[in-house]
Amino acid sequence: MNTTDSKYVLELSQEDYQKATIEVAFLLDAFASTIDNIMGGNTAPVGRIAGRDTARKLPINLTDPTLDDIIAALREQMQAGFDFSLDGEALKFKSCIIREMCGVRNIETGGALCHLFHSYFDGIVNGLFCRPVKSTIVSVGTECQLQTAVQ
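Enquirer: Mind showing me how you'd approach the packing of helix α1 (residues 14-39) against helix α5 (residues 112-129) here?
Expert: Two measures define how a pair of helices packs: the angle their axes make with one another and the distance between the axes. At a minimum axis separation of 9 Å, α1 and α5 run at an interaxial angle of 85°. With respect to α5, the axis of α1 lies roughly perpendicular. Where α1 approaches α5, its residues L28, F31, A32, I35 and D36 are matched on the opposing element by A112, L113 and L116. When grouped by side-chain class, the residues that make up the contact of α1 with α5 number seven nonpolar, no polar and one charged.

In structure tokens form, the structure reads like this:
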């Protein structure tokens, strides 16, 4: 560890990042699998509750937003790990850190971890939109597509 101007600077190698990626993927897999086992496969309420809680903490202030406004704000907020867009009711994830974590763990894309994440995402949108939102996975792969319904 080096010190510069009284601040600690941690120098990480590519190997450190690789180890961290493997560890995060393991923890996400374990977390989603545990929630899935406890909830008997019905993880949506857990994800939505967590998402609504996150929405209250986001530094996003929208006045009378549309779904497009919310998706644009979240795209900006989450750009480090995701690239998504809304086309009508189709929510398309071009890049997704969750998909990458599934690849690291060799687990099925569209499985428990994806369902938990998308319920969480729905909860965030619900919290910002003040209306229930439900997404259904339509297709998975190099680009995932969800059907988004606002009630």
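This is not the end of the story, as more comes after the structure.
Enquirer: Can you walk me through the pairing of strand β4 (residues 90-96) in this structure?
Expert: A regular strand carries its side chains on alternate faces of the sheet. Note that strand β3 (residues 82-87) and β4 share six bridges and pair antiparallel. Note that in β4 the partner of S85 across the bridge is K92. From the end of β3 to the start of β4, which pair antiparallel, there are two residues, and G88 there has a positive phi angle of about 70°.

Enquirer: Please explain the pattern of salt bridges as it appears in this structure.
Expert: For side chains bearing opposite charge, pairing can occur when the charged atoms are close. Within the structure shown, the criterion is met by five salt bridges. Close ionic contact of D29 with R105 constitutes a salt bridge, the shortest N to O distance being 3.2 Å. One end of the pair, D29, is in helix α1; the other, R105, is in helix α4 (residues 97-105), and 76 residues separate them in sequence. Given the relative accessible area of 13%, D29 is considered buried. For R56, the salt bridge is made with D53, and the minimal N-O distance between the two is 3.1 Å. Linking R56 with D53, this pair stays in helix α2 (residues 44-57), spanning three residues, or about one helical turn. Looking at R56, the relative accessible area reads 64%, which means it is exposed.

Enquirer: Looking at this model, I keep getting lost on a nonpolar patch on the surface. Mind explaining?
Expert: A grouping of L10, L12 and Y17 is seen on the molecular surface, where their side chains present a nonpolar patch of about 330 Å² in accessible area. Tracing the backbone shows Y17 in helix α1.

Enquirer: What should I look at first to understand the sheet that holds strand β6 (residues 144-150) in this one?
Expert: Within a sheet, neighbouring strands are paired by backbone hydrogen bonds and run either parallel or antiparallel to one another. The strand order across the open sheet built from four strands is β3-β4-β6-β5, with neighbouring strands paired in antiparallel fashion. Each edge of the sheet is formed by a strand with only one pairing partner; in this case those strands are β3 and β5 (133-139). Ignoring which end each strand starts from, the neighbouring axes of this sheet average 25° apart. In terms of strand pairing, β5 meets β6 through six bridges, oriented antiparallel. Residue pairing in the sheet places I137 in a bridge with L146 of β6. Taken strand by strand, α5 contacts β3, β4, β5 and β6, and its axis lies near 145° from that of β5.

Parameters and conventions
Residues numbered from 1 in each chain as written. Predicted model: local features only at pLDDT ≥ 70, side-chain atom pairs only at ≥ 80, totals over all residues. Heavy atoms only, no water. Axes fitted to C-alpha atoms, helices over the stretch in contact; angles between N-to-C directions. Helix = DSSP H or I, 4+ residues; strand = E, 2+ residues; numbered from the N terminus. Parallel < 35°, antiparallel > 145°, perpendicular 65-115°, else oblique. Contact = heavy atoms within 4.5 Å. Nonpolar A, V, L, I, M, F, W, Y, C, P; charged D, E, K, R; others polar. Pairing = 2+ DSSP bridges. Salt bridge = Lys/Arg side-chain N within 4 Å of Asp/Glu carboxyl O. Buried < 20%, exposed > 50% of the residue type's maximum accessible area, 1.4 Å probe, protein only. Patch = residues over 30% accessible without salt bridge, like charges linked within 9 Å, V, L, I, M, F, W, Y side chains within 5 Å. Areas by Shrake-Rupley, 256 points an atom, 1.4 Å probe, with all protein chains shown as cover.

Honestly, it's all geometry; don't read function into it.
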